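Topology and contacts: notes
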Amino acid sequence: MQTWKSESSGRTALLIEGARRVGKSTIVETFAKTEYKSYIFIDFNRVSKDVKSIFDDLMDIDRLFIFLQATFHVNLYERNSVIIFDEVQNCPKARQAIKYLVADGRYDYIETGSLISIRKNTEGITIPSEEERIQMNPMDLEEFRWAMGDDASMDIYRKMLEKGMAAGASFRNAMRDLRLYMLVGGMPQAVNELLDTNNLQKVDKVKRNILNLYNDDLLKVDPSGVVSRLFLSIPSQLSRNVAKYSFSSVVGNMSENKMVEAIRCLEESKVANVAYNVKDPSVGMGLTKDNSCFKIYTADTGLFVTLAFWNKDYTENSIYQKLLSDKLSANLGYIYENLVAQMLVAGGNKIYYHTWAKDEKHSYEVDFLISRGSKVWPIEVKSSGYRTHASLDAFCKKYSDRVGERFLIYTKDYAKDGATTLLPVFMTPLL
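Cut-off values and rules
- Residues numbered from 1 in each chain as written.
- Predicted model: local features only at pLDDT ≥ 70, side-chain atom pairs only at ≥ 80, totals over all residues.
- Heavy atoms only, no water.
- Phe/Tyr/Trp six-rings, centres within 6.5 Å; stacked < 30°, edge-to-face > 60°.
- Lys NZ or Arg CZ within 6 Å of the ring centre and 35° of its normal.
- Helix = DSSP H or I, 4+ residues; strand = E, 2+ residues; numbered from the N terminus.
- Salt bridge = Lys/Arg side-chain N within 4 Å of Asp/Glu carboxyl O.
- Pairing = 2+ DSSP bridges.
- Axes fitted to C-alpha atoms, helices over the stretch in contact; angles between N-to-C directions.
- pLDDT = per-residue confidence, 0-100.
- Core = buried A, V, L, I, M, F, W, Y, C linked by side-chain atoms within 4.5 Å.
- Buried < 20%, exposed > 50% of the residue type's maximum accessible area, 1.4 Å probe, protein only.
- Contact = heavy atoms within 4.5 Å.
- Parallel < 35°, antiparallel > 145°, perpendicular 65-115°, else oblique.
- Nonpolar A, V, L, I, M, F, W, Y, C, P; charged D, E, K, R; others polar.
- Arc of directions from axis to C-beta.
- 1 Å grid on protein atoms, 1.4 Å probe; cavity = no way out; pocket = protein on both sides within 12 Å on 5 of 7 lines; lining within 4 Å.
- Points joined across faces, edges and corners; volume = space filled by probe spheres on them.

Take the packing of aromatic side chains next. The way to describe two aromatic rings as a pair is by their centre distance and the angle between their planes. This structure, assessed with the given rule, holds 18 aromatic pairs. Against the face of Tyr77 rests Lys37, its NZ or CZ located 4.0 Å from the ring centre. The ring of Trp377 has Arg372 sitting right over it, with the charged end atom 5.3 Å from the ring centre.

Structure follows, in structure tokens:
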């Protein structure tokens, strides 16, 4: 955000996308308080119709600024004030106005929102080209450790990885910290509840409230319930351990166009991460992705844990005890796969995977593919200390000219197995 402010100098607005309750409003308002002499914060979930209607007519921009200053009791200062459009998807005309407000040049503008590009939120307006977009994700593992009062561990693991060192004596503590992160997740409200109460039952209640909010939002943008069912079925689909999300088993038969639209809506909500199967794994993986073959992960693994046991009370939810005591059964290992997906996305990666036939009855599958320079890095995820990696080896042999580094991410300490790096899960963010 500071880079945008210094480099843009008012020539673009900043649009921060992210799921509801991920902390967009809080961080933007904090930024406004520290970086500007004054700011106006317009929450389009709450403002009156009069405020929204002021953006219908931009013939007199001076009138708009006077109205906003009078309404919010704030003085604006040229080139030292920012106007924040919070949840801007709820006032499309305000988003369209960005083009003219930026051209005016007097103030800076920051927008926040989710479901930004959904058709009903863009219909009839011109999307401003003056927007500079960034995505805000749930707190990553390093940020979570900061919240726990640990400012050092991730830097130490970073140095260990650079030197090819095992964590050694610190491994057990690192895995314990990771398991707590898996349980709580990175939604600020859940993290605050942990800090305030140290009670995982109360944390679980916070997460259930967030999930209910997400479900309500998805039903609003898609009253048919298709997108909602796609989201709620993520854990059950991953638990099947198959090569792709079974769209038809969740919502029945549907045309490919409607399926693509539903998945796009889910992606735009920022509550889920979608990994597509690529037909030809190379640096330009997006060019050969198969829109009908994908896997869906929740954007926050803490929410995933709660969603996996959605129909049970907390007291019946033994996964908390199993995770904390490192007794997670093998059939719950898909939680680690969701966690790795979240970590890779938080690192700025677009995630893909690749499957191909081994024989008439079996297939190979590499869990994740990410691009680095002119090479592809294949990643396999194991929820145990199991060190075999047949699919990874087959992939590297088949596409040897395209492969850079190769990784098996698992629950044991750092090691090397030939050309394959065996990486403990808590080092995933360092990729």
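Having seen the structure, we can now continue with the description.
Bringing unusual backbone geometry into the picture now. A positive phi angle is found at Glu87, which is not glycine, with a value near 55 degrees. Here Glu87 shows up in the loop between β3 (81-86) and α5 (92-104).

Tallied over the full model, the rule gives 20 salt bridges. Of the charged contacts in the structure, one is a salt bridge between Asp62 and Arg106, with a shortest N-O distance of 2.7 Å. Of this pair, Asp62 sits in helix α4 (residues 61-72) while Arg106 is found in the loop between α5 and β4 (108-113), placing the two residues 44 residues apart along the sequence. Taken together, the shared-partner salt bridges connect Arg145, Asp150, Arg176 and Asp177 into one network.

This part is about the sheet that holds strand β12 (residues 415-417). With mixed pairing, eight strands are arranged side by side in an open sheet as β7-β6-β8-β9-β10-β11-β13-β12. The sheet is open, and its two borders are formed by β7 (289-298) and β12, each paired with just one other strand. Between one strand and the next, the sheet's axes are offset by a mean angle of 35 degrees, whatever the strand orientation. Where strand β11 (residues 406-410) lies against strand β13 (residues 420-424), five bridges are found, and the strand directions are parallel. The residue bridging Ile409 from the neighbouring strand is Leu423, located in β13.

When the pLDDT values of the protein chain are averaged, the result is 91; 96% of them are 70 or greater. Helix α6 (residues 119-122) is the least confidently modelled element of the protein chain, averaging 64 in pLDDT, while strand β2 (residues 38-43) averages 98, the highest of any element.

The next thing to look at is the nonpolar core. Grouped together as the largest cluster of nonpolar side chains are 113 residues, with contacts concentrated most on Leu178, Leu230 and Phe426. Every residue in contact with Leu178, bar those within four places of it in the chain, is listed here: Leu141, Tyr336, Leu339, Met343, Val425 and Phe426. Ala13, Cys91, Ala97 and Tyr109 belong to the second-largest nonpolar core, a separate cluster that totals 26 residues.

Here we come to the packing of helix α11 (residues 200-221) against helix α16 (residues 301-308). Contact geometry of α11 with α16 gives a least axis separation of 9 Å together with a crossing angle of 90 degrees. Between α11 and α16, the angle is such that the two are roughly perpendicular. Residue-level inspection shows Asp204, Lys207, Arg208, Ile210, Leu211 and Tyr214 of α11 in contact with α16, the latter providing Gly302, Leu303, Val305, Thr306 and Leu307. Its residues assigned to classes, the contact of α11 with α16 comprises six nonpolar, two polar and three charged.

With that settled, consider the side chain of Glu142. Topologically, Glu142 is positioned in helix α7 (residues 141-147). In contact with Glu142, other than residues within four places in its own chain, are Met154, Asp155 and Arg158.

Moving on, we come to helix α8 (residues 153-163). Among all positions of α8, only Ser153, Met154, Tyr157, Met160 and Leu161 are buried. Buried residues of α8 fall within an arc of 115 degrees about the axis and therefore sit on the same side. Of the exposed residues in α8, those oriented more than 90 degrees away from the buried face are Lys159, Glu162 and Lys163. Considering only its buried residues, α8 is in contact with α7, α9 (171-184) and β13. Within two residues after α8, Gly164 carries a phi angle of roughly 70 degrees, on the positive side.

What follows is about the pairing of strand β10 (residues 375-381). Here β10 lies mainly inside the structure; six of its seven residues are buried. If you look at the hairpin formed by strand β9 (residues 363-372) and β10, you'll find two residues sitting between the two strands, and Gly373 has a positive phi there, around 60 degrees. Bridging between β10 and β11 involves three bridges; their strand directions are parallel. Paired with Glu380 across the strands is Leu408, a residue of β11.

The computed volume of the largest pocket comes to approximately 750 Å³. Residue lining of the largest pocket: 28 residues in total, with Asn241, Glu337, Asp367, Val381 and Lys382 positioned closest to the centre. At the level of secondary structure, the elements contributing two or more residues to the lining of the largest pocket comprise α13 (234-239), α18 (334-346), β9, β10 and α19 (390-398). With four residues, the top contributor of residues to the lining of the largest pocket is β9. Classifying every residue of the lining of the largest pocket gives ten nonpolar, eleven polar and seven charged.

Turning our attention to empty space enclosed by the protein. For the coordinates displayed, the defined rule picks out five cavities of 30 Å³ or more. Taken as a whole, the largest cavity spans an internal volume of roughly 90 Å³. Lining of the largest cavity is provided by Ile234, Gln237, Leu238, Asn241, Val242, Lys244, Tyr245, Lys295, Ile296 and Glu337. Secondary-structure elements contributing two or more residues to the lining of the largest cavity are α13 and β7. With three residues, the top contributor of residues to the lining of the largest cavity is α13. Along the lines of polarity and charge, the residues of the lining of the largest cavity split into five nonpolar, two polar and three charged.

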